[in-house]
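Read off the chains here:
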Amino acid sequence: MSDSPRDQLAIQLAEAVAEALRVDLTHQENALLVVSGGSTPVPFFTALAAYELPWARVQVTLADERWVAEDAVDSNARLVREHLLQGPASAARFVPLTSDDPTPEQGAAAVAERVARLAWPASVVILGMGSDGHTASLFPDSRELELALATDAPALAVRTPSQPQPRITLSADRLHQARRHVLHITGGDKRDVLARALSGDDVRELPIRAFLACPLATYWAP
């Protein structure tokens, strides 16, 4: 791994998450880590995977997922398997957010049931953020946004005009159920979006606002 600011940030985040899992596993049987997809977390996944932890007692799931096959190029599950479930971390139990159903609407109930059985509250929920202020699959232009912000269901199907594939996302309520929340972002544009989010309170405009009072530890690099 290089010495770029983004890689250094990934190393710092991996250290913090590894310590959180280690601490929680001293007083509970299993610990849950909720991660996000995209390109930003890849160096973090690689760094975390190398830690010697009781990985067999760690559950890993996603904040959201595209409703695609697990081996599809744009599958978050594939990203996690290729970059996080390696080396020592290959012993972790990964719980995907998709099923064999043709649509997320058909699969959502089974996925929600699977998610509900995990070791909540999560040790850490790691969120990303898009330039439109979305986090997980809580998109400002999604017709399911109000439901995703209000429901106590663990997961729900989401369709968004700006996104080509239907998705499934953990609800805001479920994402709030964590001991620690992290926002992992890079680039000046994301910093500007976060600054805008902090200066207002309309969650429908910038859904990341639903988590700004968590408290939320922000890991940012240029």
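Anything mentioned here points back to the structure above.
Residues numbered from 1 in each chain as written. Predicted model: local features only at pLDDT ≥ 70, side-chain atom pairs only at ≥ 80, totals over all residues. Heavy atoms only, no water.

Novice: Teacher, can you tell me more about the side chain of S99 here?
Specialist: Its location among the elements puts S99 in the loop between β4 (93–95) and α4 (104–116). A distance of 2.7 Å separates the side chain of S99 from the side chain of D101, its partner in a polar contact. Among all residues touching S99, those that are not within four sequence positions of it are W67, G107, V111 and R114. (Helix = DSSP H or I, 4+ residues; strand = E, 2+ residues; numbered from the N terminus. Polar contact = N/O pair within 3.5 Å; in protein donor to acceptor, adjacent residues only side chain to side chain. Contact = heavy atoms within 4.5 Å.)

Novice: It is not clear to me how the side chain of R209 should be interpreted in this structure. Could you clarify?
Specialist: Of note, R209 is situated in the loop between α7 (188–198) and β9 (216–221). Judged by relative accessible area, R209 falls into the buried class, the value being 10%. (Buried < 20%, exposed > 50% of the residue type's maximum accessible area, 1.4 Å probe, protein only.)

Novice: Can you help me understand unusual backbone geometry in this one?
Specialist: The general pattern is negative phi for most residues beyond glycine and trans for most peptide bonds. Across the junction of W120 and P121, the peptide omega takes the value -5 degrees, indicating a cis bond. Mapping P121 onto the fold places it in the loop between α4 and β5 (124–127). Following C214, the chain continues to P215 via a peptide bond in cis, the omega torsion being 0 degrees. Secondary-structure assignment places P215 in the loop between α7 and β9.

Novice: Got a minute to help me understand the packing of aromatic side chains in this structure?
Specialist: The relative placement of two aromatic rings is captured by the distance of their centres and the angle of their planes. Applying the stated criterion across every chain yields a total of one aromatic pair. Taking the centre distance of 5.7 Å and the plane angle of 45 degrees together, the rings of F44 and F45 count as tilted. With relative accessibility at 0%, the residue F44 sits in the buried group. By relative accessible area, F45 is classed as buried at 0%. (Phe/Tyr/Trp six-rings, centres within 6.5 Å; stacked < 30°, edge-to-face > 60°.)

Novice: What should I look at first to understand the sheet that holds β4 in this one?
Specialist: As a general point, the strands of a sheet are linked pairwise by backbone hydrogen bonds and lie either parallel or antiparallel. With respect to topology, six strands assemble into an open sheet ordered β4-β2-β1-β5-β8-β9, the strand pairing being parallel. Lying at the two open borders of the sheet, with one neighbouring strand each, are β4 and β9. Each neighbouring strand pair of the sheet contributes to a mean axis angle of 20 degrees, computed without reference to strand direction. Taken strand by strand, helix α3 (residues 76–83) contacts β1 (31–35), β2 (58–62) and β4, and its axis lies near 145 degrees from that of β2. (Pairing = 2+ DSSP bridges. Axes fitted to C-alpha atoms, helices over the stretch in contact; angles between N-to-C directions.)

So, to be careful, I would describe these as geometric facts and stop short of saying anything about function.
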